[in-house]
Amino acid sequence: MKTAQDRLQYLTAFEELAESNFPLNRVSPVVKIIIAAIFIVLTISVKKYDIFHALLLTSFTCFLVAIAPVKVTSILKMLLYLSPFVLMLVIFNPVYDKSVIRIAGYQVYGGYVSAFTTVLKFINTATVSVLIVSSTKFIHIASSLRFLRMPKFLIIQFMVMYRFIFIFLYDIIQSIQAINSRGLQSTTFSWHNMKAIVSAFFVKSVLRGEEVYNAMLSRGFDIRNFKFDNKINISDIFFCLCSLLYVFIVRFI
Amino acid sequence: MHMADALLSVPVGVTFWGISGAAAGYASSKLKKELNEEKIIPLMGVAGAFVFALQMVNFAIPGTGSSGHFAGGFLLALLLGRHAAFLVMSSVLLVQALFFADGGLLALGCNIFNMAFIPSYIIYPLFKNIIDKNESKIAIWAGAFLSLTLGAVMVSMQTGISGIAELPFSKMLMLMLGIHLLIAVFEGVITVGSYMFIKRYSLQTELNSEKGKLKPYFGICSVSLIIAAVVSLFASSKPDGLEWSVYNIMRGADEPHSLTGQFHNFLGSLQEKIAFLPDYSFAGNSSQWGTSVAGIVGAIIIIILASSLGYIIRKVNKH
């Protein structure tokens, strides 16, 4: 997902996934976000040598993968793209942590265990947040954030910005294609020209943004009276309770 | 520079969520009071999408074989003012965290602090008056450079305090700064160029309504605190020069006997009772983070003392 083209395709795919009819799509967005938040906090609270609980929590991630609309290969690709920063730091754990701990009767260097636990935590937290979002329409995510008391001003700005992102990514792709097609040997941008490119984008963005916003207004978008819709059914509450019960059990047994 | 959940501890994540959440509430209420919602929301949306899209453009960092991308926090502050810039950057980070898992949900508070709060509320007020007065390109460059550098320092600190990665703080800091100093140079250059170019169109004036002088005290205090925390982490565990000299003169004695009179004993016991971070550390714990907290507390005390002194001098002068 390094290029603008990849990101645009990724966001478009997200929109389509949210429309599909998988079990996770049918759960209320508020419930999903609450579950994700609690799961992430519980996962991060696992101690660095506690490989047992980290593995048990991974079982919940696997369950969500099974009921979510995203393909496993797509998740793996995303994890691979996001992993360098985490790997760059945990790769030093075996070097600096030479403490010896016992796992299943075997003596192991603590550094390797803590590095593995951290990678597991990373996989769990990153995967769960993407699964939750991929199964939810953008407008419902925004509504859930409002339900969780995020400032209305910030949410509406977030919604408007999200709509504009598609347009500007498309503009960026066009510009990059234009630059590449005119370049001779160079594979990267010349940073001397960056300021002109950046500024041209901004000016273009403001002008396009005004047009898009006027179109939104003409279709009934009203900032002051915008209503957020959050419906929670009994089945959502049941799913929430069962999930949280399972997560708490595997975290604290 | 996005922090991942896996590298954070829960207390650090929750603390920075609290700070960033409070700042978001403050910025929202300020903007609501000062500006017309209907007018600024689309412009802020455009600016957010613009920065998001711009972050997709990678540029090569000469001599490293690596690449970096524009962050845009300081440019947003110059164009939109500090409150709007903070909210716009926060929503960009929210989209990245939710849709791309780029920085986790728990780490979102840290990321907002590092990439939105620092440029908008710490660095921007430091340079705003200079930029308004002279349109100094050096000041714009320095602002963008410092925003990114200070963000990288904070990433190292947050990771270090969390204690998940075993890499020592000094090495982590060198690693982060090594990568980000070069990116910060380009960030500064692009910010200067873009700001000068965009300024010709006067588009930023619609949002950046902060015409008056901005007091840089909060920025100065924050930078002082971060520097105090970082520098104190490098503090040597060996005794200071005077202690070392006395120790050598007394040939291994704990302290010179001439100093251990009754008065000295009294002061010593008093110090033990009132010192909440004895020997720059948490009581009974040799953790280096105790030293860091001691550095911050020390800096706060010095700031309070200096401010009080200034206040007293001003009062005396008035009379």
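The shown structure was predicted, so the numbers you read here are calculated from the model rather than taken from an experiment.

Observations concerning the overall build of chain A
Okay, so step 1: When its secondary structure is counted, chain A shows ten helices and two strands.
Okay, so step 2: Scanning chain A from its N terminus toward the C terminus, one meets helices and strands in the order α-α-α-α-α-β-β-α-α-α-α-α.
Okay, so step 3: Contacts in chain A between residues at least 24 apart in sequence constitute 79% of all its contacts with a sequence separation of at least 6.

Here we look at helix α5 (residues 108-134) of chain B
All names here are of chain B.
Okay, so step 1: Helix length check: α5, at 27 residues, gives a terminal C-alpha distance of 36 Å against a target of 39 Å (1.5 Å per residue), a fit within 8%.
Okay, so step 2: Its axis deflected by about 60° at Tyr-124, α5 carries its strongest bend there, up to four residues before the proline Pro-125.
Okay, so step 3: Positive backbone phi, approximately 50°, marks Glu-135, located one or two places after α5.

Considerations on the confidence of the model for chain B
Residue and element names in this part refer to chain B.
Okay, so step 1: In this model, chain B carries a mean pLDDT of 73, and residues with pLDDT of at least 70 account for 58%.
Okay, so step 2: The secondary structure element of chain B with the lowest average pLDDT is helix α9 (residues 241-249), at 47, and the one with the highest is helix α6 (residues 137-162), at 90.
Okay, so step 3: Predicted confidence is poor over residues 236-246, with pLDDT under 50, and the contacts of this stretch with residues over four places away or in other chains come to three contacts.
Okay, so step 4: Contacts for the low-pLDDT stretch residues 255-260, under 50 throughout, to residues beyond four places or in other chains number five contacts.
Okay, so step 5: Across the predicted assembly, pTM comes out at 0.76 and ipTM at 0.81.

Structural notes on the packing of helix α2 (residues 29-44) of chain A against helix α10 (residues 234-252) of chain A
Residues and elements named next belong to chain A.
Okay, so step 1: Two numbers describe how α2 lies on α10: the axes approach to 10 Å, and their chain directions differ by 5°. Relative to α10, the element α2 is oriented roughly parallel. The residues of α10 that touch α2, namely those facing Val-31, Ile-34, Ile-35, Ile-38, Phe-39 and Leu-42, are Asp-236, Phe-239, Cys-240, Ser-243, Leu-244, Val-247 and Arg-251.
Okay, so step 2: Of the residues that constitute the contact of α2 with α10, the class distribution is ten nonpolar, one polar and two charged.

Focus on the pairing of strand β2 (residues 106-109) of chain A
Residues in a regular strand point their side chains to alternate faces of the sheet.
Residue and element names in this part refer to chain A.
Okay, so step 1: As paired elements, strand β1 (residues 100-103) and β2 share four bridges and run antiparallel to each other. By the bridge assignment for β2, Ile-101 is matched with Val-108.
Okay, so step 2: Between β1 and the antiparallel strand that follows it, β2, lie two residues; Ala-104 among them carries a positive phi value of about 50°.

Some points on helix α6 (residues 110-134) of chain A
Okay, so step 1: Compared with an ideal rise of 1.5 Å per residue, which puts 25 residues at 36 Å, α6 of chain A spans 36 Å between its outermost C-alpha atoms and is within 8% of the ideal.
Okay, so step 2: Within α6 of chain A, 21 of the 25 residues are buried, leaving the element largely enclosed by the surrounding structure.

As for the nonpolar core
Okay, so step 1: Within the largest apolar cluster, 149 residues are counted, with the highest numbers of intra-cluster contacts made by Ala-47, Phe-50, Leu-76 and Val-88 of chain B.
Okay, so step 2: What Ala-47 of chain B contacts, discounting residues up to four positions off in sequence, is Leu-76, Leu-79, Leu-80 and Val-88 of chain B.

Some thoughts on the interface of chain B and chain A
Okay, so step 1: Contacts between chain B and chain A engage 59 residues on the former and 66 residues on the latter.
Okay, so step 2: Elements supplying a minimum of two residues to the side of chain B that touches chain A: α1 (10-34), α2 (37-54), β1 (58-61), α4 (82-100) and α7 (169-199) of chain B.
Okay, so step 3: No other element matches α2 of chain B, which puts 13 residues into the side of chain B that touches chain A.
Okay, so step 4: Residue classes in the side of chain B that touches chain A are distributed as 40 nonpolar, 13 polar and six charged.

What counts and how
Residues numbered from 1 in each chain as written. Chains lettered and ligands numbered in written order. Predicted model: local features only at pLDDT ≥ 70, side-chain atom pairs only at ≥ 80, totals over all residues. Helix = DSSP H or I, 4+ residues; strand = E, 2+ residues; numbered from the N terminus. Contact = placed C-beta atoms within 7 Å. Expected span 1.5 Å × (residues − 1). Bend = angle between axes of the 7 residues up to and from the residue. pLDDT = per-residue confidence, 0-100. Axes fitted to C-alpha atoms, helices over the stretch in contact; angles between N-to-C directions. Parallel < 35°, antiparallel > 145°, perpendicular 65-115°, else oblique. Nonpolar A, V, L, I, M, F, W, Y, C, P; charged D, E, K, R; others polar. Pairing = 2+ DSSP bridges. Buried ≥ 20, exposed ≤ 12 C-beta atoms within 10 Å, placed from the backbone. Core = buried A, V, L, I, M, F, W, Y, C linked by C-beta atoms within 7 Å.

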